[in-house]
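Coordinate analysis (summary)
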Amino acid sequence: MSDTSQNTNPVTQFDELPDAPPKRKIKLSLPGKIGIGVVIFWAIIVIIGPTISPYHEADILDEELFIVPGSDEMYPDTDFQPPSKIVWLGSDYLGRDTLSRILFGARTTIGISLIATLLAYLIGVTLGIAAAVGSRFMDMALSRVNDALLAIPSIMFALVVIAALNSPTIPWLILITGIIYACSVFRIARSLGQEVMVSDFVEAARVRGEGLWWIITREILPNIAMPLATDFGLRFVWIILFISSLSFLGLGVQPPASDWGSMVKENLPGLVYGSFAPLIPALAIATLTISINMIVDDISAHSGGKLAKRMIS
Amino acid sequence: MSVLLEVDDLCISARNDDDELTPIVKGVSFNVARGEVVALIGESGSGKTTIALSSLGYTKPGLEFVGGEVRLEGEDVITMGADQLRGLRGQRVAYLAQSAAATFNPALTIGEQVTETCVLHGILTQKQADERAEFLYRALELPDPDLLGKRYPHQVSGGQLQRLMAATALCGKPDLLVLDEPTTALDVTTQIEVLKAFKSVIKQEGSAAIYVTHDLSVVAQIADHIVVLYAGETQEYGSAEQVVSHPGHDYTRRLMHAVRPPPAAGQGDETSGKHRREAPALEVKDLVAGYGKVKGGKPAITVLRDVNVSIERGHSVGVIGESGCGKSTLARVMAGLLPAAQGEVLLDGEPLKPALQQRSRSDLQKVQFVFQMADTALNPRQRIDHILGRPLEFYLGLKGKEKRRRIGELLQMVELPQEFAGRYPEELSGGQKQRINLARALAASPEVLLCDEVISALDSIVGANVIELLKKLRKQTGVSFVFISHDLSTVASFADEIIVLYAGRVVEKGTTDAVLSPPYHPYTRLLISSVPELRVGWLEETMETQEAQAGIDRVVTLTDKGCPFFDRCPRAIKDTCDQETPPVRMLSSGHAIECHLSEAEFAQ
């Protein structure tokens, strides 16, 4: 019989097996590669920005620096200066170096947004999964509270809380942003979780007698990780913009600390004088957010496309 | 007859990542004359749907035409522009997809959807289209033709929806119909009714059709010519009579071999008595179960009533019935997914706790459930070795090397290569996934395996292989099987005993030979006579029989009173069958029938 011949040496046959499947490389397209390049660039700036910065972010530059040799003008303007050898990217409305403020501001802007996004995910995914696998009552309670929070416009909500606190500090800013964005993460995690919860393989795990913890960590989380990661990229971008807009309104990061959003706001009058000062932080925000979006698009398009291609071959 | 469609040396290829072309269809040619049905038959992956779609000038994304012509009345549709194609599709060539339930929009009435295409194309005005639709409802023998258009898709049965799809396609009087597996998902009784309607309406309208399927016995009923395909190449092309009666090619014979013979006595596998012990492996006593809140021992919707089943050790019991008869519900009660309202489930003579959460781990281990759809029953993010390893670890406490060795053995048991341990489910074909699904259940070393329609989603050759595997596993392991299926031929070839369920009641039960030989319960007779036979002309003969005329085209209804089969039974006794619960009669042949007719009356 054929199965006796197969039975000859199962042990050695199996030991020769590769332990892991061949690695599947994600091939990124050109926009994706550019995106990764830009994000890596900003990540480096976050780490070394303050050390390579020519001035401190709060330094108001001396008039003497701006004296053109041979000129008799002893007291030149220092604010809204165009790019020159002294200030590579020009100076702002108080005569501070824009480049230095961008380099310092990267740390505050990206740091605060990243921590706030992680916080939003921690709260949102935990509660969202709890609502998806928990009892009907738990789902009801969590979802209705979430709906109530979502009903309040997020900027308004932040403004009211910050106004009530009197003096906004960075930890408070992170906490408020995290909670506001946890609401939308909650909804996504809950609906993704519910979808997986009713699938046959979860039922198979339940018939096997698996506990809730196993089902959550082994069956549900791996299956919702990819869409959540896609959402993480987008959510991070929205939080950067949100914090920037809070700073723009004067309720975010407080002076003299720099952050990209508040730099746009402070230097807005400079537009009248043809200054670059408000455009450069805006450009910094734009490059970072667009790059993240390009990476996210590429990965999600890729994972979908890969499946389709495999089905044909 | 004039030729309507000529497919001439058609070649279609798939383009991959690196811009390489892989041929999918390799030089296929055939003709369709007016008023003729041509069947494309083959396994999944043989390119039959791809070829059928080319008559609409369409390819699935990632595929492209690389050679040949598809001429509709002499015009090549492949080279047509978008404008011409728009006029072609839905107007001259109409497409019927496999699942009507997924194609109809639940928010619109049937009438709106049936007439939409031809009104949009400007062939008919809305009023003319409505009249035409009503005419078609009559031609397709649909109930209440004058009011049907006002109803919504969920208000009609699956078989009726499938016929309504045909009405949608025929409404604009197309020259050519493309039917893609239109009866594959249906019960046998429904399948006959749909086939008959299709056949008569195609004849009446004089339109031509391309019929795509993997089921040779269905093709024998409806096609004039048959094209047998394998891996994108024509294996055999000839008239239906010739291909079915005198197959010329090896592959055709293989296909015919995979068509299971019509159910009859004497097909059941013999089981050895060596695994037999005193108590049955699994027993169900006086079971009442259903869905919704249980009040006074009765659920809101009672599906199963007074069900008694006992599965001997090492035996396999087939459970058969149309959809809606409670087959899956029975398996779910046994597995503990649905607690019973009344009655009990005994394992080795010991009562099992009704709900899953209360059962002990060793109880769970002994009864394993194999899900119907392997596609969804395997976690796509887990590798095969994790999927198979988990029950080994969970129930048997195996770790490390021992676990890996056992995974290797399991893969060998289900006849899959060892390398599959490192793959993910999506890298496997449908039949391979079903094997993994089985291996996972076997990993627990169970005593009873509950198989819920495990081969229904597979095509005939793959399904036949899985059945062979199950037979082998049963011999090797001595596991008892509960084998649920709506396909009587499959059950007949596998089970020792058969239970016929109708509307939640066991209407007949006994050994395979006894159930499949007379006397029959009227419902069993209907089921047996509905299985298509592999010969031309079977359909017409069957439709003439008494059972078919009484029982086909009705839906399963759950009743509290009398025999649920009453309204479909050709031998129903008025005022008795619809009022009183039928008694269970033990017949001299050794099997039980639940019917008001006595043994003497059955013999007539």
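Model, not experiment: these values are computed from the prediction.

Rules used throughout
Residues numbered from 1 in each chain as written. Chains lettered and ligands numbered in written order. Predicted model: local features only at pLDDT ≥ 70, side-chain atom pairs only at ≥ 80, totals over all residues. Helix = DSSP H or I, 4+ residues; strand = E, 2+ residues; numbered from the N terminus. Buried ≥ 20, exposed ≤ 12 C-beta atoms within 10 Å, placed from the backbone. Contact = placed C-beta atoms within 7 Å. Rg over C-alpha atoms; globule rule 2.2 N^0.38 Å. Pairing = 2+ DSSP bridges. Axes fitted to C-alpha atoms, helices over the stretch in contact; angles between N-to-C directions. Expected span 1.5 Å × (residues − 1). pLDDT = per-residue confidence, 0-100. Core = buried A, V, L, I, M, F, W, Y, C linked by C-beta atoms within 7 Å. Parallel < 35°, antiparallel > 145°, perpendicular 65-115°, else oblique. Left-handed = near helix turned anticlockwise from the far one by under 90°. Nonpolar A, V, L, I, M, F, W, Y, C, P; charged D, E, K, R; others polar.

1. Some words on the overall build of chain A
Counting its regular elements, chain A contains 11 helices and 0 strands. For chain A, the α and β elements follow one another from N to C terminus as α-α-α-α-α-α-α-α-α-α-α. Per-residue burial for chain A yields a buried fraction of 35% across its 313 residues. Of all intrachain contacts in chain A linking residues separated by at least 6 positions in sequence, the fraction that spans at least 24 positions is 70%.

2. Quick notes on the overall build of chain B
A tally of helices and strands in chain B yields 24 helices and 22 strands. Compactness check: chain B gives a C-alpha radius of gyration of 26 Å against a globular reference of 25 Å for 604 residues, within 12% of the reference. Along the three orthogonal principal directions, the C-alpha set of chain B runs to about 75 × 70 × 45 Å. Across the 604 residues of chain B, 50% fall into the buried class.

3. Notes on the pairing of strand β14 (residues 342-347) of chain B
Residue and element names in this part refer to chain B. Bridging between strand β11 (residues 282-295) and β14 involves 5 bridges; their strand directions are antiparallel. Opposite Glu283, over in β14, you have Leu346 as the bridge partner. In this sheet, strand β15 (residues 350-351) lies alongside β14 in antiparallel orientation, the contact comprising 2 bridges. Bridging across to β15, Leu347 finds its partner in Glu350. What sits between the antiparallel neighbours β14 and β15 is a turn of 2 residues, in which Asp348 has the positive phi angle 55°.

4. A few points about the sheet that holds strand β13 (residues 316-320) of chain B
Pairing between sheet strands relies on hydrogen bonds along the backbone, with the strands arranged either parallel or antiparallel. Residue and element names in this part refer to chain B. The 8 strands lie next to each other as β16-β17-β18-β13-β19-β20-β22-β21, forming an open sheet whose pairing is mixed. The two strands at the open ends of the sheet, each matched to only one other strand, are β16 (367-370) and β21 (584-586). Sheet twist, expressed as the mean angle between neighbouring strand axes with direction ignored, is 20°. Packed on one face of the sheet, helix α17 (residues 430-443) meets β16 and β17 (448-452) and runs near 170° to β16.

5. Comments concerning helix α5 (residues 126-139) of chain B
All names here are of chain B. Its 14 residues place the ends of α5 20 Å apart at the C-alpha level, agreeing with the 20 Å of an ideal helix rising 1.5 Å per residue. As for α5, its buried residues are in contact with α4 (110-120), α6 (145-148) and α7 (158-170). Looking at the residues trailing α5, positive phi occurs at Glu141, about 55°.

6. A few points about the environment of Ala223 of chain B
All names here are of chain B. Mapped onto the secondary structure, Ala223 falls in the loop between α9 (216-222) and β9 (225-230). Along the primary structure Ala223 and Lys48 are separated by 175 residues, whereas in three dimensions their C-alpha atoms are 15 Å apart. Non-local contacts of Ala223, meaning those with residues more than four positions away in its chain, are made with Val37, Val38, Ala39, Tyr211 and Ala240.

7. So, the sheet that holds β9 of chain B
All names here are of chain B. A sheet is described by the order of its strands in space; here 6 strands give the open sequence β6-β7-β8-β3-β9-β10, paired in mixed fashion. Edge positions in the sheet fall to β6 (93-96) and β10 (233-239), since each has one partner strand and no second. On average, adjacent strands in this sheet sit at an angle of 15° to one another, irrespective of strand direction. In this sheet, β9 lies alongside strand β3 (residues 37-41) in parallel orientation, the contact comprising 4 bridges. Looking at the pairing, Leu40 lines up with Val227 of β9.

8. Quick notes on the confidence of the model for chain B
Residues of chain B with pLDDT of at least 70 account for 94%, and the chain-wide mean is 83. For this predicted complex, the interface confidence comes out at an ipTM of 0.73, alongside a pTM of 0.75.

9. With respect to unusual backbone geometry
All names here are of chain B. Phi is positive for Ser445, which is not a glycine, with a value near 50°. Within the element layout of this structure, Ser445 appears in the loop between α17 and β17. Residue class for Ser445 comes out partly exposed when judged on the 16 C-beta atoms lying within 10 Å of it. For Ala503, which is not glycine, the phi torsion reads 45° and is therefore positive.

10. Some details on the nonpolar core
Of all hydrophobic cores here, the largest spans 152 residues; its most connected members are Met334, Ala439, Leu450, Val482 and Phe483 of chain B. A total of 14 residues in this core trace back to one element, the largest contributor, which is helix α4 (residues 98-133) of chain A. The residues contacting Met334 of chain B, other than those within four sequence positions of it, are Leu282, Val284, Val345, Val367, Leu450 and Val482 of chain B. With 74 residues, the next largest nonpolar core counts Ile41, Ala100, Leu164 and Ala208 of chain B among its residues.

11. Examining the packing of α7 of chain B against helix α8 (residues 188-205) of chain B
All names here are of chain B. Packing of α7 against α8 brings their axes to within 9 Å, and their N-to-C directions diverge by 20°. On the basis of the axis angle, α7 is roughly parallel to α8. The element α7 and its partner α8 pack so that their crossing is right-handed. In contact with Gly158, Gly159, Gln162, Arg163, Ala166 and Leu170 of α7, α8 contributes Thr190, Glu193, Val194, Ala197, Phe198, Val201 and Glu205. Considered class by class, the residues forming the contact of α7 with α8 number 6 nonpolar, 4 polar and 3 charged.

12. Structural notes on the environment of His56 of chain A
The residue His56 of chain A is located in the loop between α3 (30-52) and α4 in this model. His56 of chain A sits 155 residues away from Gly211 of chain A along the chain, and the two C-alpha atoms are 56 Å apart.

13. Remarks on the environment of Val32 of chain B
Within the secondary structure, Val32 of chain B is located in strand β2 (residues 21-33). Sequence-wise, Val32 of chain B and His225 of chain B are 193 residues apart; in three dimensions their C-alpha atoms are separated by 8.7 Å.

14. Some words on the confidence of the model for chain A
Residues and elements named next belong to chain A. In the predicted model, chain A carries a mean pLDDT of 80, and 87% of its residues have values of at least 70. Mean pLDDT across the elements of chain A ranges from a minimum in helix α1 (residues 2-6), with 40, to a maximum in helix α5 (residues 136-151), with 92. Taken together, the stretch residues 1-21 has pLDDT below 50 and engages in 20 contacts with residues farther than four places along the chain or on a different chain. Scored below 50 in pLDDT, residues 304-313 shows 9 contacts in the model against residues more than four places distant or in partner chains.

15. Re the packing of α17 of chain B against helix α18 (residues 460-477) of chain B
The axes of two packed helices give the description: the angle between them and the distance between them. Residue and element names in this part refer to chain B. The N-to-C vectors of α17 and α18 enclose an angle of 20°; their axes lie 10 Å apart at closest approach. As summarised for this structure, α17 and α18 are arranged roughly parallel, according to the angle between their axes. For α17 against α18, the interelement crossing comes out right-handed. Judged by residue contacts, Gly430, Gly431, Gln434, Arg435 and Leu442 of α17 engage Val462, Asn465, Val466, Leu469 and Leu473 from α18.

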